[in-house]
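One letter stands for each residue in the lines below.
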Amino acid sequence: MYFDLPCGTLLLVPDTCAALPDLNSLNVEVLRSLVQEQHVTLVSRNTEINNLKLLVLKLKRMHFGRKSEKLDRDIEQLELRLEDLEASDAPSPNPAPASAPETGAAPKKPARRPLPESLPRTTQTHTPKHTACPDCGGRLRSLGEDVAEVLEYVPGHFEVIRLVRPKLSCTCCERIVQESAPSRPIDRGLAGPGLLAHVIVSKFADHLPLYRQSEIYGREGIDLDRSTLAGWVGGVSRTLAPLVEELRRYVMSAGKLHGDDTPVPVLAPGNGKTKTGRLWTYVRDDRPAGDQAAPAVWFAYSPDRKGEHPEQHLGSFRGTLQADGYAGFNRVSAKGLVQEAACWAHVRRKFYDLHQAHASPLAAEALSRIGQLYAIESEIRGRAPDERREVRQNRSRPLLESLHQWLESSLAKLSAKSETASAIRYALGRWTALVRFCDDGRLEIDNNAAERALRAVALGRKNYLFAGSDAGGERAAAMYSLIGSAKLNGLDPEAYLRDVLARIADHPINRIAELLPSNLAAASKAE
């Protein structure tokens, strides 16, 4: 990746990513070679991170005392690239011990600074359950204690949790008894579940990049640099990956989905400029049809808008997809396993724009006719599918037939190149998919459920670059999935993630579905 600096310097930044092969199929020599290769890659990435840090400092010095929007943008891009690199380098939640490489120096980790003495502290003592020696039954005496501190965030302020584990020894056989250290969301991590949830929600829901969060925490006397926060984001992403996959399976098991996508700016490898990635959303929400199944949303990121991406996303889905007229979705429906239902909001928007621009009487008539369909939908929202279908057949179907005739007769009177003719052709070209909602009471008249899910992303794009790499885009999609699903189920996203992160380390993987937003919401109501 190259960054063209204002001072005329061209900085080369490597951008490497390789999939890990099946280690069980490799012999010792190949494994040794792989370890050495990965070590070289790790050293290279650490060099890149250090170079980028120096570059950010240099650009900030250049920026001091004068205003340059281009320089501001360069700094933001480099900061975000650093965030994604450091998040990608975060350790796995439960790292396996590994031998050090034979050659080269291991990268040094910065020493963890002590937490400020001014912070309030809460002590949690984990006393051994045994009152006598488990081996000989002898009396236990105090041998000291181990103390670890966790930085936690309680809404409104920071606090320190002191984890005290008394150590006892037997007076007869010298057996030492001590409780195991409590699990943490990130193995041996400094941050508690509340602080991790706060960082995640601040970044992905409140659109605060990590370097800005670092500045905010610094004003409160908490020294948390961006690299530390990025490591936490990467660690949380790995910890929550099984839950996100379970959420995807739940969404795709629906009989009807809302699908949409939106462009997102991402740093392009090779030139330091931005490219256009895509964020896809798939919403399961049948509450308007009286269904009691919990709503949920799953997001996916792709580096481009090729039709192969929705085809892959929807590989296991069987049912009706409500979406816009994007041709990529047609590849899915062409196989016959997924049926398309089009969106009347897209049709209405085209006539609305025409009416706003030209005060067109024909556009006004179209809006009035479409408005009658929406009035009926408003009346039947929340009713059972069979009832909705009956009302639509009796009242909406005649309106649609009349609208179709009117559109065809109006089109014949217009210039083929006019904007109004284009809007009419858009509707007529999708007519079969547009009227499908009349025959199925589960379907909606439009795809607004998916568009609502994307609004948070659109807001974030106005505040900062979406991601510093494709890997960062995938992490963002995962976090948007959990945050969006929590909101759909009436949960505060930060409280939900705090609860999940407090439980997940000790939660059985075969019961991961219990941590889905809908299930935690139901459990909370039952209590």
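Residues numbered from 1 in each chain as written. Predicted model: local features only at pLDDT ≥ 70, side-chain atom pairs only at ≥ 80, totals over all residues. Heavy atoms only, no water.

1. Observations concerning the overall build of the protein
Along its length, the protein carries 16 helices and eleven strands. At a minimum sequence separation of 6, the contacts of the protein that also span at least 24 residues come to 68%. Of the roughly 26300 Å² of accessible surface on the protein, a fraction of 51% belongs to carbon and sulfur atoms. (Helix = DSSP H or I, 4+ residues; strand = E, 2+ residues; numbered from the N terminus. Contact = heavy atoms within 4.5 Å. Areas by Shrake-Rupley, 256 points an atom, 1.4 Å probe, with all protein chains shown as cover.)

2. Some thoughts on helix α15 (residues 493-503)
Pro493, Glu494, Tyr496, Leu497, Val500 and Leu501 are the residues of α15 that are buried. The buried residues of α15 occupy an angular sector of 160° when projected down its axis, which confines them to one face. (Buried < 20%, exposed > 50% of the residue type's maximum accessible area, 1.4 Å probe, protein only. Arc of directions from axis to C-beta.)

3. Observations concerning the nonpolar core
Residues Leu151, Trp232 and Leu240 are the most contacted members of the largest nonpolar core, which totals 80 residues. Ranked by residue count, the leading element in this core is helix α5 (residues 226-252), at twelve residues. In this structure Trp232 touches Ile186, Leu190, Ala191, Leu195, Leu196, Val199 and Leu224, once residues within four positions along its chain are discounted. (Core = buried A, V, L, I, M, F, W, Y, C linked by side-chain atoms within 4.5 Å.)

4. Remarks on the environment of Leu411
The topology assignment puts Leu411 in helix α10 (residues 385-412). The spacing of Leu411 and Ile424 is 13 residues in sequence and 6.8 Å in space, taken between C-alpha atoms. Leave out the neighbours within four places in its chain, and Leu411 touches Ala421, Ile424, Arg425 and Leu428.

5. Quick notes on α10
Along its length, α10 shows its largest kink, about 45°, at Gln393. Considered for burial, the residues of α10 that qualify are Arg388, Val391, Arg392, Ser396, Leu400, Leu403, Trp406, Leu407 and Ser410. Residues of α10 that are buried sit in contact with α8 (344-358), α9 (361-380), α11 (419-429) and α12 (431-434). (Bend = angle between axes of the 7 residues up to and from the residue.)

6. Some thoughts on the packing of aromatic side chains
Geometrically, a pair of aromatic rings is defined through the distance of the ring centres and the angle of the planes. A complete count under the given rule lists seven aromatic pairs for this structure. Taking 6.1 Å as the distance between ring centres and 85° as the angle between the ring planes, the aromatic pair formed by Trp280 and Phe329 counts as edge-to-face. Highlighted residues: Trp280 in strand β8 (residues 274-284) and Phe329 in helix α7 (residues 327-333), separated in sequence by 49 residues. Both rings, one in Trp344 and one in Trp431, keep their centres 5.6 Å apart while their planes meet at 85°; by these two values the pair is edge-to-face. (Phe/Tyr/Trp six-rings, centres within 6.5 Å; stacked < 30°, edge-to-face > 60°.)

7. Structural notes on the sheet that holds strand β9 (residues 296-302)
Strand order across the open sheet formed by five strands is β9-β8-β7-β10-β11, with mixed pairing between neighbours. Looking at which strands have only one partner, the edges of the open sheet turn out to be β9 and β11 (338-341). Put simply, the sheet's adjacent strands are angled 30° from each other on average, direction ignored. In terms of strand pairing, strand β7 (residues 256-267) meets strand β10 (residues 319-322) through three bridges, oriented parallel. Among the inter-strand pairings, Leu257 is bridged to a residue of β10, identified as Leu321. Across the sheet, α5 touches β7, β8 and β9, and the angle it forms with β9 is around 110°. (Pairing = 2+ DSSP bridges. Axes fitted to C-alpha atoms, helices over the stretch in contact; angles between N-to-C directions.)

8. Structural notes on the pairing of β10
Relative to β11, β10 is paired through four bridges, and the arrangement is parallel. Opposite Gln322, over in β11, you have Ala341 as the bridge partner. As a crossover connection, the stretch from β10 through α7 into β11 is right-handed. (Right-handed = clockwise from strand over helix to strand, strands pointing away.)

9. Concerning the packing of helix α3 (residues 193-204) against helix α14 (residues 470-488)
The N-to-C vectors of α3 and α14 enclose an angle of 105°; their axes lie 10 Å apart at closest approach. With respect to their mutual orientation, α3 and α14 come out roughly perpendicular. Here Ile200, Val201 and Phe204 of α3 come into contact with α14, specifically with Ala476, Met479, Tyr480 and Ile483. Across the contact of α3 with α14, the residue classes tally to seven nonpolar, no polar and no charged. (Parallel < 35°, antiparallel > 145°, perpendicular 65-115°, else oblique. Nonpolar A, V, L, I, M, F, W, Y, C, P; charged D, E, K, R; others polar.)

10. Some details on the pattern of salt bridges
Throughout the structure, instances matching the rule amount to 24 salt bridges. Between Arg121 and Glu149 there is a salt bridge, and its shortest N-O distance comes to 2.9 Å. In this pair, Arg121 is assigned in strand β3 (residues 121-125) and Glu149 in strand β4 (residues 140-154), connecting sequence segments 28 residues apart. A residue is classified by how much of its surface remains accessible, and Arg121, at 27% relative accessible area, is partly exposed. Assessed through its relative accessible area of 26%, Glu149 is described here as partly exposed. Across the pair Glu514 and Arg511 runs a salt bridge, and its minimum N-O distance is 2.9 Å. Note on Arg511: relative accessible area 41%, which makes it partly exposed. Connected through salt bridges with shared partners, the residues Glu245, Glu246, Arg248 and Arg249 form a single ionic network. (Salt bridge = Lys/Arg side-chain N within 4 Å of Asp/Glu carboxyl O.)

These values are about where atoms sit, not about what they do.
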